[in-house]
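Results of the structural survey
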Amino acid sequence: MKAAVYYATGTPDVLKYEEIADPVCHPQGILIAVEAVSIEGGDLLNRAGGALAKQPHVVGYQAAGTIIEVGSEVKDRKVGQRVVTSGADGSHAAMRAVAARSSWLLPDSLSIEEGACIPIPFGTADDCLFEFGRLQAGETVLIQGGAGGVGLAAIQLAKRAGATVISTASSQTKLDFLTTVGVDHCINYVESDLLAEVKRITDNKGVNLVVDPIGGEVLQNSIRAMGYRGRVTTVGNAGREVMKFDLSGLMGMNQYIQGVFLGAEIGTDRVYNMIQSHIEAVANGELKVFIDKQFALSDAAAAHAHIESRQAMGRVLLIP
């Protein structure tokens, strides 16, 4: 099969389009013909400096397609069904083998491209907001990097739950876009003082919850933006900064910071069913997937570079 591979981590140009061996279907797994790959933030981080499962390495968490083989022990999947899959790697390819439990059936009304974008961003956003962030109706949430995959999912889920949403972006174009998604208050973090704007919007109270997929200095500002009994859920490290934080100030305001990793519980019934519910919600129009741009799988390097340029508003796809 064809795949976007690399032999050493680094910048996007380490990605090469090559012929490699087809994946093998496990007795408890499925094999799919990949039709759309949603590039996730973790894919970029792994390509830049993560572990290589083997050489050549095929990166990628999330891909959708049609089942072409079913393992002998699998009873709830069949050839011809359309699914979206998740896994530690292997999405940037024409075929993919995963555990059957790591796949979700796609309704007929949902396009394969939309389906490819749902599990990780919406599952992560849901955990950040509700399972660990404990967001309640009437509260105010600050969503950092709102134009990213987790950000766009979190905005919609928070609004659906009755929260007031503040979100950040780096340009007026992105801010205008976020307004159409449902954000109540937008902050240009390049041109404005984030903390001053949060204080102004919240009448100096600070926010109840911050969802931060960026880390680094942004996370430091997220911590400062909290009000009394405020919470920060931090997921990923899009900024790629390693920093030390003084958390002693949390005690006086009864605040906390919570790390979130969807992968730790993605095999549980709770997360599996939650993701399936989001797939159904996108299919019936209650939630929406925003696709910024599509690239051929052979142009994976250009697709990664496009995301890292911070131009994207929504998901970037690879099409084999």
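On a predicted model such as this, the values are computed, not experimentally measured, just so you know.

In the structure shown here, the tally under the stated rule is 12 salt bridges. A salt bridge links Arg-160 to Glu-286; the nearest nitrogen and oxygen atoms lie 2.9 Å apart. One end of the pair, Arg-160, is in helix α4 (residues 149-160); the other, Glu-286, is in the loop between α8 (269-283) and β14 (291-296), with 126 residues separating them in the sequence. Among the residues examined, Arg-160 registers a relative accessible area of 42% and is labelled partly exposed. Using a relative accessible area of 46% as the deciding quantity, one classes Glu-286 as partly exposed.

Tallying each qualifying case throughout the model produces 2 aromatic pairs. Between Trp-104 and Tyr-272 the ring centres are 5.2 Å apart and the planes differ by 20 degrees, which places this aromatic pair in the stacked class. Placement of Trp-104 in strand β7 (residues 103-105) and of Tyr-272 in helix α8 is noted, with a sequence separation of 168 residues between them. One exposure class covers both Trp-104 and Tyr-272, and it is buried. Both rings, one in Phe-177 and one in Phe-290, keep their centres 5.4 Å apart while their planes meet at 90 degrees; by these two values the pair is edge-to-face. Highlighted residues: Phe-177 in helix α5 (residues 172-181) and Phe-290 in the loop between α8 and β14, separated in sequence by 113 residues. A relative accessible area of 16% means that Phe-177 is categorised as buried.

This part is about the sheet that holds strand β9 (residues 164-169). With respect to topology, 6 strands assemble into an open sheet ordered β10-β9-β8-β11-β12-β13, the strand pairing being parallel. Each edge of the open sheet is held by one strand with a lone partner, namely β10 (185-188) and β13 (256-259). Put simply, the sheet's adjacent strands are angled 20 degrees from each other on average, direction ignored. Pairing of β9 with β10 involves 4 bridges; the strand directions are parallel. When the sheet's bridge partners are listed, Thr-168 is paired in β10 with Ile-187. Set on the sheet, helix α3 (residues 119-131) makes contact with β8 (140-143), β11 (207-212) and β12 (226-234); between it and β11 the angle comes to about 155 degrees. Strands β8, β9, β10 and β11 of the sheet are contacted by helix α6 (residues 194-201), whose axis makes an angle of about 160 degrees with β10.

Following the sequence through the fold, Ala-169 ends up in strand β9. Of the residues examined, Ala-169 reaches a relative accessible area of 4% and is grouped as buried. Along the backbone, Ala-169 and Ile-143 are 26 residues apart, and their C-alpha atoms lie at a distance of 9.7 Å. Beyond its immediate chain neighbours, meaning those up to four positions away, Ala-169 contacts Lys-174, Leu-175, Leu-178, Ile-187, Asn-188 and Tyr-189.

This paragraph deals with the packing of α4 against α5. In the contact formed by α4 and α5, the axes pass within 10 Å of each other and the chain directions differ by 35 degrees. The two elements α4 and α5 meet at a crossing, and its hand is right-handed. Only Phe-177, Leu-178 and Val-181 of α5 make contact with α4, whose side of the interface consists of Leu-152, Ile-155 and Gln-156. Its residues placed into classes, the contact of α4 with α5 shows 5 nonpolar, 1 polar and no charged.

Attention now goes to the nonpolar core. Generally speaking, a soluble globular protein has its nonpolar side chains buried in company with each other. In this structure, Phe-122, Leu-129, Val-141, Leu-178 and Ile-279 are the most contacted members of the largest nonpolar core, which totals 51 residues. At 8 residues, the largest contribution of residues to this core is made by α8. If sequence neighbours within four positions are ignored, Leu-129 has contacts with Arg-134, Leu-135, Val-141, Ala-154, Leu-157, Ala-158, Leu-209 and Val-211. If you look at the next biggest cluster of nonpolar residues, it comprises 24 residues, including Ala-4, Val-34, Ile-39 and Val-98.

Counted at 1.5 Å a residue, the expected span for α3 with its 13 residues is 18 Å, but the 16 Å between its end C-alpha atoms falls short. α3 sits mainly inside the fold: 11 of its 13 residues count as buried. Burial in α3 covers these residues: Pro-119, Ile-120, Pro-121, Phe-122, Gly-123, Thr-124, Ala-125, Asp-126, Asp-127, Cys-128 and Leu-129.

Our focus in this paragraph is the side chain of Arg-315. By the element assignment, Arg-315 lies in strand β15 (residues 315-319). Engagement of the side chain of Arg-315 in a polar contact is seen with the side chain of Ser-38, the distance being 3.5 Å. A distance of 2.9 Å separates the side chain of Arg-315 from the side chain of Glu-40, its partner in a polar contact. Those residues in contact with Arg-315, other than ones at most four positions away along the chain, are Ser-38, Ile-39, Glu-40, Cys-117, Pro-121, Gly-148, Gly-149, Val-289, Phe-290, Ile-291, Asp-292 and Lys-293.

Rules of the game
- Residues numbered from 1 in each chain as written.
- Predicted model: local features only at pLDDT ≥ 70, side-chain atom pairs only at ≥ 80, totals over all residues.
- Heavy atoms only, no water.
- Salt bridge = Lys/Arg side-chain N within 4 Å of Asp/Glu carboxyl O.
- Helix = DSSP H or I, 4+ residues; strand = E, 2+ residues; numbered from the N terminus.
- Buried < 20%, exposed > 50% of the residue type's maximum accessible area, 1.4 Å probe, protein only.
- Phe/Tyr/Trp six-rings, centres within 6.5 Å; stacked < 30°, edge-to-face > 60°.
- Pairing = 2+ DSSP bridges.
- Axes fitted to C-alpha atoms, helices over the stretch in contact; angles between N-to-C directions.
- Contact = heavy atoms within 4.5 Å.
- Left-handed = near helix turned anticlockwise from the far one by under 90°.
- Nonpolar A, V, L, I, M, F, W, Y, C, P; charged D, E, K, R; others polar.
- Core = buried A, V, L, I, M, F, W, Y, C linked by side-chain atoms within 4.5 Å.
- Expected span 1.5 Å × (residues − 1).
- Polar contact = N/O pair within 3.5 Å; in protein donor to acceptor, adjacent residues only side chain to side chain.

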